[in-house]
Amino acid sequence: MSLNVKLTTLSPVNIGNGETLSQFSDYVYDNGFIYYLDYDLIALELSKMPDSDNLIDEFVAIVRNQAGGSVRNRFRIKGFLENTGIDFKNFASKKIAVEEEIKEQIQLQIKTGSRPYIPGSSLKGAIRTAVVSYFFTEELEQNLKSTKEYIGQDILGRYDEDVLKFLQVSDTMPFGEEDLEIARFFRFNLKTNKLEIPMVKEVIPSDRESSFKIGSKAKPGQVDSKFQFLEEGKEELLFDIINAFSRKNVEYELKELNRSSSEELKAVKEFYQYLLDAVSAAHSAKEAYLRIGTGKTFFDTSIAHKLSKDFLNRIVRNNFKKANPNFFPKTRTMVQYKGQKMAPGWVKLEKA
């Protein structure tokens with residue numbers, strides 16, 4: 001028996017698969033759409049043309065040289081296709097609408113086939129951080145020398161004794177092919193009030209739904225009573241733990257963002273205020289708010305909020321040599337979606 005959980009994206013989510021598309025040979029932008037090129041179809045079409053061997057050699061050279069040389073010297077696939085009389089629109093594996101022209105490399109989302117999904121490992125990793133933070137105490141800090149490799153071993157157990165081995169989190173069901181879009185990600189420097197060079201990524205956009213399962217497999221008495229959520233049928237107890245962690249992070253983000261008066265942050269602040277209201281009003285047995293994927297900060301991925309100020313400052317100084325502990329982290333990742341900038345990666349979990 002497992003807990004069925006409905007997942008709704010509140011802001012665009014990107015979980016990369018490590019692959020990219022080159023703006024010089026892998027896709028073409030045209031009139032509000034991105035076309036992912038199908039190499040096999042193009043090669044097959046070239047093979048039917050006069051002087052096909054030379055055309056295919058030139059096409060292969062374009063693909064091989066996409067990552068080398070200067071922008072000026074790189075081959076451009078669109079021009080090649082136009083010169084050979086091939087309409088790229090008929091040789092595309094995917095067509096995606098975009099808000100504005102895309103000229104950058106595109107970092108891809110993890111998918112099964114052509115349908116995006118959220119891996120259970122990403123969900124469980126975020127849940128683990130929330131659990132460790134929830135049970136971390138001042139006494140434990142005294143025995144902690146660094147957070148660099150800390151994953152809650154003193155709370156959850158080491159290696160095969162780790163109690164979270166009883167927690168199983170599935171991948172989400174695949175979203176639809178239409179639930180894959182392209183968005184720009186920006187890093188905003190809170191000290192300089194400037195946006196850094198954007199990155200372009202595939203995303204699961206806001207307001208998309210899927211589902212996954214959380215299964216707890218511990219038998220009564222097999223784990224400490226404080227880990228009741230690891231017993232079958234008690235998985236919903238995790239929601240309160242997740243919300244406690246997320247609320248602390250949202251409160252901190254609002255405080256830090258308010259250090260800047262930049263108009264670039266107006267919509268992001270409004271988004272975080274909405275999140276704070278939602279997390280504060282959440283029914284602890286029915287819903288939770290969690291952040292996953294690209295864009296998370298040091299605080300989203302660690303127990304930093306549970307550390308004393310002196311210890312946290314020491315951790316920052318030791319691990320981030322150029323960082324100012326009193327202004328850390330100084331940058332935030334934002335994603336632009338439907339003309340507005342917001343914090344990426346936030347999802348709502350509901351008991352189905």
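Conventions adopted
Residues numbered from 1 in each chain as written. Predicted model: local features only at pLDDT ≥ 70, side-chain atom pairs only at ≥ 80, totals over all residues. Heavy atoms only, no water. Helix = DSSP H or I, 4+ residues; strand = E, 2+ residues; numbered from the N terminus. Buried < 20%, exposed > 50% of the residue type's maximum accessible area, 1.4 Å probe, protein only. Contact = heavy atoms within 4.5 Å. Lys, Arg positive; Asp, Glu negative; His and termini not counted. Charge placed at Lys NZ, Arg CZ, Asp CG, Glu CD. Axes fitted to C-alpha atoms, helices over the stretch in contact; angles between N-to-C directions. Parallel < 35°, antiparallel > 145°, perpendicular 65-115°, else oblique. Left-handed = near helix turned anticlockwise from the far one by under 90°. Nonpolar A, V, L, I, M, F, W, Y, C, P; charged D, E, K, R; others polar. Salt bridge = Lys/Arg side-chain N within 4 Å of Asp/Glu carboxyl O. Pairing = 2+ DSSP bridges.

1. Quick look at the overall build of the protein chain
And step 1. Helix and strand counts for the protein chain stand at 9 helices and 17 strands.
And step 2. Dimensions along the principal axes, computed over C-alpha positions, put the protein chain at roughly 75 × 50 × 35 Å.
And step 3. For the protein chain, the residues scored as buried account for 51% of the 352 residues in total.
And step 4. The long-range share in the protein chain, meaning contacts at least 24 apart out of those at least 6 apart in sequence, stands at 78%.
And step 5. Separation of charge centres in the protein chain, based on 51 positive and 50 negative side chains, amounts to 6 Å.

2. Quick look at the packing of helix 7 (residues 238-257) against helix 8 (residues 266-281)
And step 1. At a closest axis distance of 9 Å, the pairing of helix 7 and helix 8 adopts a crossing angle of 150°. For the element pair helix 7 / helix 8, the angle class is roughly antiparallel. Crossing of helix 7 over helix 8 shows left-handed handedness. Residues Asn243, Arg247, Val250, Glu251, Glu253, Leu254 and Leu257 of helix 7 form the contact with helix 8, whose participating residues are Val268, Lys269, Tyr272, Gln273, Leu275, Leu276, Val279 and Ser280.
And step 2. Here the residues of the contact of helix 7 with helix 8 are counted per class, giving 8 nonpolar, 3 polar and 4 charged.

3. Quick notes on helix 9 (residues 309-319)
And step 1. Regarding helix 9, the residues found buried are Phe311, Leu312, Asn313, Ile315 and Val316.
And step 2. Where helix 9 is buried, its residues meet helix 5 (138-141).

4. Focus on the pattern of salt bridges
And step 1. One pass over the structure, following the stated rule, counts 21 salt bridges.
And step 2. Glu350 is paired through a salt bridge with Lys6; the nearest N and O atoms lie 3.9 Å apart. Taken together, the positions of Glu350 in strand 17 (residues 346-351) and Lys6 in strand 1 (residues 3-9) put the pair 344 residues apart, joining distant regions of the chain.
And step 3. For Glu350, a relative accessible area of 23% translates into the label partly exposed.
And step 4. Residue Lys6 is classed as partly exposed on the basis of its relative accessible area, which comes to 29%.
And step 5. Here Glu256 makes a salt bridge to Lys255, at a shortest N to O gap of 3.0 Å.

5. Observations regarding the side chain of Arg128
And step 1. With respect to the secondary-structure elements, Arg128 resides in helix 4 (residues 120-135).
And step 2. Not counting the four nearest positions on each side in its chain, Arg128 is found in contact with Ile151, Leu156, Asp162 and Leu164.

6. What about the sheet that holds strand 5 (residues 92-97)?
Each strand in a sheet pairs with its neighbour through backbone hydrogen bonds, running either in the same direction (parallel) or in the opposite one (antiparallel).
And step 1. If you trace the 3 strands from one edge of the open sheet to the other, you get 3-4-5, paired in antiparallel fashion. Of all strands in the sheet, those bounded by a partner on one side alone are strand 3 (27-30) and strand 5. Strand-to-strand twist across the sheet, computed as the mean angle between neighbouring axes with direction ignored, equals 20°.
And step 2. Direction of pairing for strand 3 relative to strand 4 (residues 33-37): antiparallel, over a ladder of 4 bridges.

7. Topic: the sheet that holds strand 1
And step 1. In spatial order, the strands read 9-13-1-17-14; together these 5 strands make up an open sheet with antiparallel pairing. Looking along the sheet, the strands with just one partner apiece sit at the ends: strand 9 (167-169) and strand 14 (287-291). Adjacent strand axes in the sheet meet at a mean angle of 25°, parallel and antiparallel pairs treated alike.
And step 2. Relative to strand 13 (residues 209-216), strand 9 runs antiparallel, the two sharing 3 bridges. Counted as the bridge partner of Gln168 is Gly215 from strand 13.
And step 3. Across the sheet, helix 7 is in contact with strand 1, strand 9, strand 13, strand 14 and strand 17; its angle to strand 14 comes to roughly 50°.

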